[in-house]
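Next come the chains, spelled out residue by residue.
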Amino acid sequence: MNHNEAEEVIKDLRKKLNQYNYEYHTLDNPSVSDYEYDQKMRELLDLEAQFPALVTADSPSQRVGDEPLEAFQKVRHNVPMLSLGNAFNEQELRDFDRRARQGTGEDVTYVCELKIDGLAVSLRYEEGVLVRGATRGDGTVGEDITKNLRTIRSIPLRLQQPETIEIRGEAFMPKKSFLALNEARENNGDEPFANPRNAAAGSLRQLDPKIAAKRNLDIFLYGVGEWQGETKRSHSERLEELKNLGLKTNPEWKKCNDIDEVIDYVHSWVERRPDLDYEIDGIVIKVDRLDQQEALGFTAKSPRWATAYKFPAEEAVTKLTDIELSV
Ligand SMILES: CC(C)(C)c1nc(N2CCN(c3ncccn3)CC2)c2cc(C(N)=O)c(N)nc2n1
């Protein structure tokens, strides 16, 4: 096979493998067997080894970096990653709603999202290709953990459209992976992680991406930092577009027409929390219309247009056996 033929075959294999990866890790609905996936990956690796000049950043072979980093570079977020105000009871939610209605002088509709208990991160795509991933850090300066975030299989290395966009989300470790990891660590005489959030943060702070790649991390994306040429007018439209771009958003988000619907949603998830495959520590409530978000603006460190309803601390995640028994 010559260079040009190889280029066509590699392009086709890349496209197929990225699609299979998206079906498996983001849709949880694979269209091919693991065997077929592995066969195609082996074919791609062989061809890339023969034609190294044809390896691209968005190739599925480039998920796990080779060498560990010496250190993490610092990254300045063009658009700061803010904090969130908190609400601890129904009255405080109603106060938040009243301030939002007074601040806009209009009725306000909301989007409610599960508050994933993980590590806030930012992904930057340029013309559709993942170029950088960073931790939130102090909101202004974070750490470049691109190589580790690339190992999260549900993060596409290329979007379905060539957007230049910076997206925020929460990287997390599913409960079952957390329990299995801690069992392995205890069997090895290592210190177990206290909770899935610490396990996710600890995994993403590894300098060797091969370690992060084994930690079965996942991500839900929930916000936009900057977006060249954005046309969206509401947060809910943004979430729908992120999904269309091939990004993983949490399926439980909901538009709420008023604060009573928000309160119903919050109450429903207090009950349903143990059924989730991942830990949450509350519900995030956001004003849906972007022009109303703009009008409300920010306090010194957090938006006036969003708040986090915090659940009381959950009892510790029980042993794997209990979980298996309860399944
Ligand atoms: C974009 C805004 C600011 C409204 C926003 N900010 C969030 N957070 C800020 C505080 N963060 C933070 N992290 C560490 C230290 C201080 N603050 C952690 C992310 C959100 C977190 C989640 C989630 N966890 O599922 C979510 N669905 N939506 C969010 N939306």
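For the structure, see preceding data.
All figures in this text were calculated on a predicted structure; none of them were measured in a lab. Along each chain, the written sequence defines residue order, and numbers are assigned to residues from 1. Residues qualify for local features only when their pLDDT is at least 70, as the model is predicted, and side-chain atom pairs are given and counted only at 80 or more; totals for whole chains, interfaces and linings, by contrast, use all residues. Each side-chain value is derived from all of the structure's non-hydrogen atoms; neither hydrogens nor water enter the calculation.

Considerations on the packing of helix H1 (residues 3–25) against helix H2 (residues 34–50)
Point 1. Note on geometry: axes are lines fitted to C-alpha atoms, helical ones only across the stretch in contact, with angles between N-to-C directions running from 0 to 180 degrees. Segments assigned H or I by DSSP are reported as helices when at least four residues long, segments assigned E as strands when at least two residues long, and all are numbered from the N terminus. Two elements in contact, H1 and H2, have axes whose closest approach is 10 Å; the angle formed by their N-to-C orientations is 145°. Considering the relative orientation of H1 and H2, their crossing is left-handed. Between H1 and H2, the residues in contact are Ala6, Val9, Ile10, Leu13, Lys16, Leu17, Tyr20, Asn21 and Tyr24 and Asp34, Glu36, Tyr37, Lys40, Met41, Glu43, Leu44, Leu47 and Glu48, respectively.
Point 2. All residues other than Ala, Val, Leu, Ile, Met, Phe, Trp, Tyr, Cys, Pro, Asp, Glu, Lys and Arg, Gly among them, are scored as polar; the first ten of these are nonpolar and the last four charged. Broken down by class, the residue content of the contact of H1 with H2 amounts to 11 nonpolar, 1 polar and 6 charged. Crossings are sorted by hand: turned counterclockwise from the far helix by less than a right angle, the near helix makes the crossing left-handed, and turned clockwise it makes it right-handed. By the convention used here, residues are in contact when the closest approach between their heavy atoms is within 4.5 Å.

Digging into the side chain of Ser122
Point 1. In this fold, Ser122 is placed in strand E4 (residues 119–126).
Point 2. Exposure is judged per residue with a 1.4 Å probe applied to protein chains only, and the accessible area is read against the type maximum: over 50% gives exposed, under 20% gives buried, and values in between give partly exposed. Here Ser122 falls in the buried class, since its relative accessible area comes to 2%.
Point 3. In this structure the side chain of Ser122 is engaged in a polar contact, spanning 3.3 Å, whose partner is the side chain of Arg168. Identification of polar contacts relies on pairs of N or O atoms within 3.5 Å, with a donor-acceptor requirement for protein atoms, meaning one able to donate a hydrogen and the other able to accept it, and with residues adjacent in sequence counted only if both atoms are side-chain atoms.

Some words on helix H3 (residues 90–104)
Turn by turn, an α-helix covers 3.6 residues, leaving residues three or four places apart pointing in a common direction.
Point 1. An ideal rise of 1.5 Å per residue puts 21 Å on 15 residues; H3 measures up with 21 Å between its terminal C-alpha atoms.
Point 2. Leu93, Phe96, Asp97, Ala100 and Thr104 are the residues of H3 that are buried. Axial view of H3: buried residues confined to an arc of 95°, hence all on one face.
Point 3. Gly105 lies just past H3 and shows a positive phi near 70°. A helix is expected to span 1.5 Å multiplied by its residue count minus one. Of all possible arcs, the one meant is that of the directions from the helix axis to the C-beta atoms.

Points about the site of the ligand
Point 1. Neighbouring residues of the ligand: 15 residues in total, closest Leu82, Glu113, Ile116, Tyr222 and Lys286.
Point 2. A distance of 2.8 Å is found between an oxygen atom of the ligand and a backbone nitrogen or oxygen belonging to Ile116.
Point 3. Glu170 is positioned such that a nitrogen or oxygen atom in its side chain is 3.2 Å from a nitrogen atom of the ligand.
Point 4. Every accessible area reported is derived by Shrake-Rupley at a probe size of 1.4 Å, with residue values counting cover from the shown protein chains alone. Isolated, the ligand exposes 610 Å² of accessible area, and the fraction of that covered by the protein chains is 77%.
Point 5. Elements with a minimum of two residues in the shell around the ligand: strand E3 (110–116) and strand E10 (280–287).
Point 6. Broken down by element, the residue count for the shell around the ligand peaks at 4 residues, all from E3.
Point 7. In terms of residue class, the shell around the ligand is made up of 9 nonpolar, 1 polar and 5 charged. Definition of nearness: a residue and a molecule or strand are near each other if at least one heavy atom of the residue lies within 4 Å of the molecule or strand.

Structural notes on the nonpolar core
Point 1. Grouped together as the largest cluster of nonpolar side chains are 32 residues, with contacts concentrated most on Leu123, Tyr125, Leu149, Ile152, Ile155, Leu204 and Leu247.
Point 2. Elements represented by at least two residues in this core include exactly E4, strand E7 (165–172), helix H5 (175–187), helix H6 (196–204) and strand E8 (218–227).
Point 3. Residues Phe96, Val108, Leu296 and Trp305 belong to the second largest nonpolar core, which totals 29 residues. Working definition of a nonpolar core: buried Ala, Val, Leu, Ile, Met, Phe, Trp, Tyr and Cys residues. They are joined through side-chain atoms within 4.5 Å.

Quick look at the pairing of strand E11 (residues 306–310)
Regular strands have side chains that alternate between both faces of the sheet.
Point 1. Burial within E11 is extensive, with 4 of its 5 residues counted as buried.
Point 2. Pairing analysis gives 3 bridges linking strand E2 (residues 85–87) to E11, with the strands arranged parallel. Each bridged residue has a counterpart across the sheet, and for Asn86 the counterpart in E11 is Ala308.
Point 3. Examined bridge by bridge, E10 and E11 share 5 bridges and lie antiparallel to one another. Counterpart to Lys286 in the pairing with E11 is Ala306. In short, DSSP must find at least two bridges between two strands for them to pair.

Thoughts on the pattern of salt bridges
Point 1. Whenever a carboxyl oxygen of Asp or Glu lies within 4 Å of a side-chain nitrogen of Lys or Arg, that contact is scored as a salt bridge. In total, this model carries 23 salt bridges according to the counting rule given.
Point 2. Lys254 is the partner of Glu261 in a salt bridge, and the nearest nitrogen-oxygen pair spans 4.0 Å.
Point 3. A single network of salt bridges, built from pairs that share partners, joins Arg124, Glu126, Arg132, Glu166, Arg168 and Glu226.

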